[in-house]
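Residue-level listing of the chains:
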Amino acid sequence: MRYLPKELQYLQILSQRKKSNKEEGSQLRNLKKGYIGETWLDQEQLRLTGRTIFGMDDLDLRTDRSRVQIDKLLVAGDTAYVVDVKNYSGKYVLEGNQWTINGKILQKNILEQLHNAVRAIKRIFDKEDIVLNVQGVLVFIGPNSEITVLDEITDQIVTRENLSMWLVALEQKARTSTEADWQHAIAKEIIKNFPCKRKFKIDQMKDLNKGVHCRKCGSYHLMETSYAVVCLDCGEAEPKETAYTRTVCECGVLFHDRDLSLGLLRDFFGVKANISCLRKVLKKHFRIKNRAGRSSTYYNKGCLFEYWFKDEMAYFRNLEKRVSWQNRKNPYEI
């Protein structure tokens, strides 16, 4: 399962609770576009090759004192393919070690990120005595992209048009591969729970829309029954336990650099929150870190509800079956 990058989770939650500034909006769009491209490639690979090709996705790796991010690492035959996915559109030309887009010079050489990732994989393999060739692959999956490479390069350039051919050829090579020590070598260098660089300050809480929002349309115009939360704009029904748990997770995403506490959550939920329900959700679903009565703190994974509770989703799906809006009584606004 490919997760949304931590920064994308952060910006997505932030955009649901306040108007994004120009920089935040641009970054959100770019990260969404990149994630869509990566998941599309995942689906195409699965459709065309099944699970024949050994691979790892969305890697954050240590390299000396820095970090390298890799979209996809595939191994087929005697070669490891380091894949960098670009969901770009337009006419791209590489000439004289310089890229242009629609005739305009790009500030960065878009191959450099790939080269840095290739060097990192080579270093890891060399350290662990893994005998595999390492090949960089730049994959352009934008439907309206045209790529022209006039320089001599060692990297492979794959476009949307020839992606199927490339994956099928890889699948044929992969039949001679065996799952080996390379995965263990990579696993040693993975940075677990790489944090989001952005941080939200407590004094910025006043700028946020508070409380539970509709999981379908995003509206904050909701009402609550004894069991559920219903959107007064689109009619979406969500079990109250799920809605409150989801919202605690959203607070955790924005304040990923601190522990959760009832005080922080009361501010995040706002004056209309059902504090009794919030207490029950914390007690039932969130692990206490420091027990100190009302000042107790809880561990914060800093990720979205569907990631935080991926192993408990059967429980939450079962809650959905009990929602019956025909029988709701005495709703009150929250």
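Scope of this entry: the structure provided in the associated data block. Remember, it's a predicted structure, so these values are computed and weren't measured experimentally.

## Topic: the side chain of S261
Phase 1: For S261, the position within the fold is in strand β13 (residues 260-261).
Phase 2: Classification of S261 as buried rests on a relative accessible area of 19%.
Phase 3: If near-sequence neighbours (up to four positions away) are discounted, S261 is found in contact with S296 and T297.

## Section: the packing of helix α2 (residues 22-49) against helix α4 (residues 163-174)
Phase 1: Here α2 crosses α4 at 55°, and the two axes come no closer than 10 Å. By the angle between their axes, α2 is oblique relative to α4. Pair α2 / α4 crosses with right-handed handedness. On the side of α2, the interface is formed by W40, L41, E44, Q45, R47, L48 and T49, while α4 contributes L163, S164, L167 and E171.
Phase 2: Broken down by class, the residue content of the contact of α2 with α4 amounts to 5 nonpolar, 3 polar and 3 charged.

## Quick notes on the packing of aromatic side chains
Phase 1: Following the criterion strictly, the structure yields 16 aromatic pairs and no others.
Phase 2: With a centroid separation of 4.1 Å and an interplanar angle of 15°, the aromatic rings of Y3 and Y307 are classed as stacked. Remark: Y307 occurs in helix α9 (residues 305-308) and Y3 occurs in the segment before α1 (6-17); sequence separation between them is 304 residues.
Phase 3: Accessibility expressed as a relative area gives 27% for Y3, which makes it partly exposed.
Phase 4: The buried category is assigned to Y307, whose relative accessible area is 7%.
Phase 5: The structure contains a cluster of three or more aromatic residues connected by ring pairs, namely F286, F305, W308, F309, Y315 and F316.
Phase 6: Above the plane of the ring of F194 lies R67, whose end atom (NZ or CZ) is 3.9 Å from the centre.
Phase 7: The lysine or arginine in question, R160, covers the ring of W40, its NZ or CZ lying 4.1 Å from the ring centre.

## A look at the nonpolar core
Phase 1: Core analysis: the largest hydrophobic core is formed by 51 residues, its most contacted members being V248, F269 and F286.
Phase 2: Breaking this core down by element, the ones donating at least two residues are α1, α2, β11 (228-231), α6 (240-254), α7 (262-269), α8 (275-285), α9 and α10 (313-320).
Phase 3: Among the elements that line this core, the one with the most residues is α6, at 7 residues.
Phase 4: One finds I70, Y92, I130 and A185 within the second-largest nonpolar core, a separate group that totals 30 residues.

## Things to note about the pattern of salt bridges
Phase 1: Here the structure, examined in full by the defined rule, presents 24 salt bridges.
Phase 2: When the shortest N-O distance is used, the salt bridge between E23 and R198 registers 2.8 Å. With E23 in helix α2 and R198 in the loop between α5 (182-188) and β10 (222-224), the pair connects residues that are 175 residues apart, well separated along the chain.
Phase 3: Look at E23 and you get partly exposed, because its relative accessible area is 44%.
Phase 4: Owing to a relative accessible area of 16%, R198 belongs among the buried residues under this scheme.
Phase 5: Among the salt bridges present, the one from K284 reaches E241, with a minimum N-O distance of 3.3 Å. Of this pair, K284 sits in helix α8 while E241 sits in helix α6; the two residues are 43 residues apart in sequence, bridging distant segments of the chain.

The rules behind each value
Residues numbered from 1 in each chain as written. Predicted model: local features only at pLDDT ≥ 70, side-chain atom pairs only at ≥ 80, totals over all residues. Heavy atoms only, no water. Helix = DSSP H or I, 4+ residues; strand = E, 2+ residues; numbered from the N terminus. Buried < 20%, exposed > 50% of the residue type's maximum accessible area, 1.4 Å probe, protein only. Contact = heavy atoms within 4.5 Å. Axes fitted to C-alpha atoms, helices over the stretch in contact; angles between N-to-C directions. Parallel < 35°, antiparallel > 145°, perpendicular 65-115°, else oblique. Left-handed = near helix turned anticlockwise from the far one by under 90°. Nonpolar A, V, L, I, M, F, W, Y, C, P; charged D, E, K, R; others polar. Phe/Tyr/Trp six-rings, centres within 6.5 Å; stacked < 30°, edge-to-face > 60°. Lys NZ or Arg CZ within 6 Å of the ring centre and 35° of its normal. Core = buried A, V, L, I, M, F, W, Y, C linked by side-chain atoms within 4.5 Å. Salt bridge = Lys/Arg side-chain N within 4 Å of Asp/Glu carboxyl O.

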